[in-house]
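# Close look at the chain arrangement
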Amino acid sequence: MTETRTPLTKTQFLGLLALSLAVFLIANDFTAFSVAIPAMEKEFNSDITTAQWVINGYTLVFGVLIISGGRLADMFGRRRIFFIGTAIFVFFSLLGGLAVDMWMLLISRALMGIGGAMMWPAILGMIYGLMPEDRSGLAGGLIMTVCGASNAIGPMLGGVLTDLASWRWIFFINIPIAALACLVCWKVIADDSPEKVDEKIDYAGVTTLSVSLFGLLVALDLAVDLGFKSPWIVTLFAVFLVFLGLFIIVERNAGKNALIPEDVARNNKFFAAGMATLLLSVVFFAALLYIPQFLTKVRGYSAAFSGIGLLPMMAVFGIVSYISGSLYEKLGAKIIVSAGTICMCVGMFMLSHLTTNTTYPVLIPGLMILGAGVGLFYSTITTAAITVVDPSRASLAGAILYMYQIAGGAIGLGMNTTIVAMAPDLPSGIDRAFTVNAYLALAGLVVCILFVTGKDVKVDYEEEGIL
């Protein structure tokens, strides 16, 4: 029988448009500042070691607090937490744009991460809540399409604003985009704030998890420069393990108020999606970092053209993300994430054969196959993870999944940097690192085939009499 899918209403369409702007805001801010760091260094007479915290500080705060942000969104209403998070994001964007020294800039940028950590899980929850249940695959495809486009546009937009106006406009441009997104959301998305909140904020859980994640992410970030045997790194890893243990003890005693409720913590399907994301994020982040490094340091490309060199991967990523939304509704999660993982593995192997004489056109097929894999994997794994938990946990699930992604990227950065540093030259180092990444993708494939699943949309159709 012909499959009938619920059409989107005008209100749903406008809501998705507004939330897409919010996704653009978050995703663009991860990449737009990378090209502006030299201008910031020059204006404030700083160095790269300090200035890089414009990116690292935001990412660190975002990663540490995102799970707490997801829990707050599910408890107090996603729309409300989205507005609060956006207000924080915009306020510190304004302060960052008006910064008079490097420290004001770094503190403002880091505190923007608080707003981002509240916005992102609320956005995910609202998008999946706004879509009809039989169009959940489209929601995942839309999110990752906008993310892919934003990540690709970010360096170019940042470069144009820095060259034609000032790096400060990368902050200021957030204000009108956020205002428009909030205005439309206010008009078309219903208030989902509960009349009475029975659950309480798990302050002990928030504190222990935040300190634990802070120790882990800072250790992984600094290990690149200090080495894993440094007393500082050993201490930070010890902080991570001790507070992780305390967090587990706190959660066992928190009952229904736990930061990560038992129904999510014991959900094996969700855990499998998280582990697959952890393994595959190593692959994606490695390509984002080392392809521009190769083009700049070995082939002599400018910074702008090295960033543009990622466009074949990012463009295919965006297109395939959108297509995979429709494929999810026909094939289900397992087939698509497995196909995506295979593409990521093949793409890494193709890109690993680097030498000093490797020209850019030789890289394009590998970049495109890798981009297709990323597009298939991330949009589908997001939908699979969010649909296997109770709808009331959607924002929390999205936040935890993103935490797996950030952790995978940080672990991958440390691992790949160590491999490259031990090699006799950059091309052979990237060759070895990408080969290891390809084998990690194979491990991810095993996880996908054996354990990853999602809500079976066709079963739902049958239950509702649609099929």
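Residues numbered from 1 in each chain as written. Predicted model: local features only at pLDDT ≥ 70, side-chain atom pairs only at ≥ 80, totals over all residues. Heavy atoms only, no water.

## Thoughts on the overall build of the chain
The number of helices and strands found in the chain is 20 helices and zero strands. Compactness check: the chain gives a C-alpha radius of gyration of 21 Å against a globular reference of 23 Å for 467 residues, within 12% of the reference. Summarising its shape, the C-alpha atoms of the chain cover approximately 60 × 50 × 45 Å along the three principal directions. Counting only carbon and sulfur atoms, one obtains 69% of the accessible surface of the chain, whose full area is about 19600 Å². Within the chain, the 30 negative side-chain charges are centred at a point lying 0 Å from the centre of the 26 positive side-chain charges. (Helix = DSSP H or I, 4+ residues; strand = E, 2+ residues; numbered from the N terminus. Rg over C-alpha atoms; globule rule 2.2 N^0.38 Å. Areas by Shrake-Rupley, 256 points an atom, 1.4 Å probe, with all protein chains shown as cover. Lys, Arg positive; Asp, Glu negative; His and termini not counted. Charge placed at Lys NZ, Arg CZ, Asp CG, Glu CD.)

## A few points about the packing of aromatic side chains
Scanning the model with the defined rule gives 14 aromatic pairs in all. On the basis of an interplanar angle of 45 degrees and a centroid distance of 5.9 Å, the ring pair of Y58 and F62 is categorised as tilted. Here F62 and Y58 lie together in helix α4 (residues 53-76), a separation of four residues that amounts to about one turn. Both residues of the pair, Y58 and F62, count as buried. Joined through ring pairs, the aromatic side chains of F33, F44, W167 and F171 make up one cluster. The cationic tip of R79 hangs over the ring face of W186; the distance from NZ or CZ to the ring centre is 4.8 Å. The ring of Y58 is capped by R109, whose NZ or CZ atom sits 4.0 Å from the centre of that ring. (Phe/Tyr/Trp six-rings, centres within 6.5 Å; stacked < 30°, edge-to-face > 60°. Buried < 20%, exposed > 50% of the residue type's maximum accessible area, 1.4 Å probe, protein only. Lys NZ or Arg CZ within 6 Å of the ring centre and 35° of its normal.)

## Considerations on the nonpolar core
Ranked by internal contacts, the top residues of the largest apolar core, which has 141 residues, are F82 and W120. Beyond its immediate sequence surroundings of up to four residues, F82 is in contact with A22, M119, A122, I123, M126, C182 and C185. Among the nonpolar cores identified, the runner-up in size contains eight residues, and V316, Y328, L376 and A384 belong to it. (Core = buried A, V, L, I, M, F, W, Y, C linked by side-chain atoms within 4.5 Å. Contact = heavy atoms within 4.5 Å.)

## Observations regarding a nonpolar patch on the surface
A cluster of nonpolar side chains, contributed by I153, M156, F305 and I308, occupies part of the molecular surface with about 350 Å² of accessible area. Listed by contribution, the elements that provide at least two residues to the nonpolar patch are α7 (136-164) and α14 (303-308). Following the sequence through the fold, I308 ends up in helix α14. We classify I308 as partly exposed; its relative accessible area is 35%. (Patch = residues over 30% accessible without salt bridge, like charges linked within 9 Å, V, L, I, M, F, W, Y side chains within 5 Å. Salt bridge = Lys/Arg side-chain N within 4 Å of Asp/Glu carboxyl O.)

## As for the confidence of the model for the chain
The predicted coordinates of low-pLDDT regions are not to be read in fine detail. With 93% of its residues at a pLDDT of 70 or more, the chain has an overall mean of 84. Helix α20 (residues 457-463) is the least confidently modelled element of the chain, averaging 40 in pLDDT, while helix α5 (residues 78-97) averages 95, the highest of any element. Low pLDDT, under 50, characterises residues 457-467; the stretch is placed with 21 contacts to residues that sit more than four places away or in other chains. (pLDDT = per-residue confidence, 0-100.)

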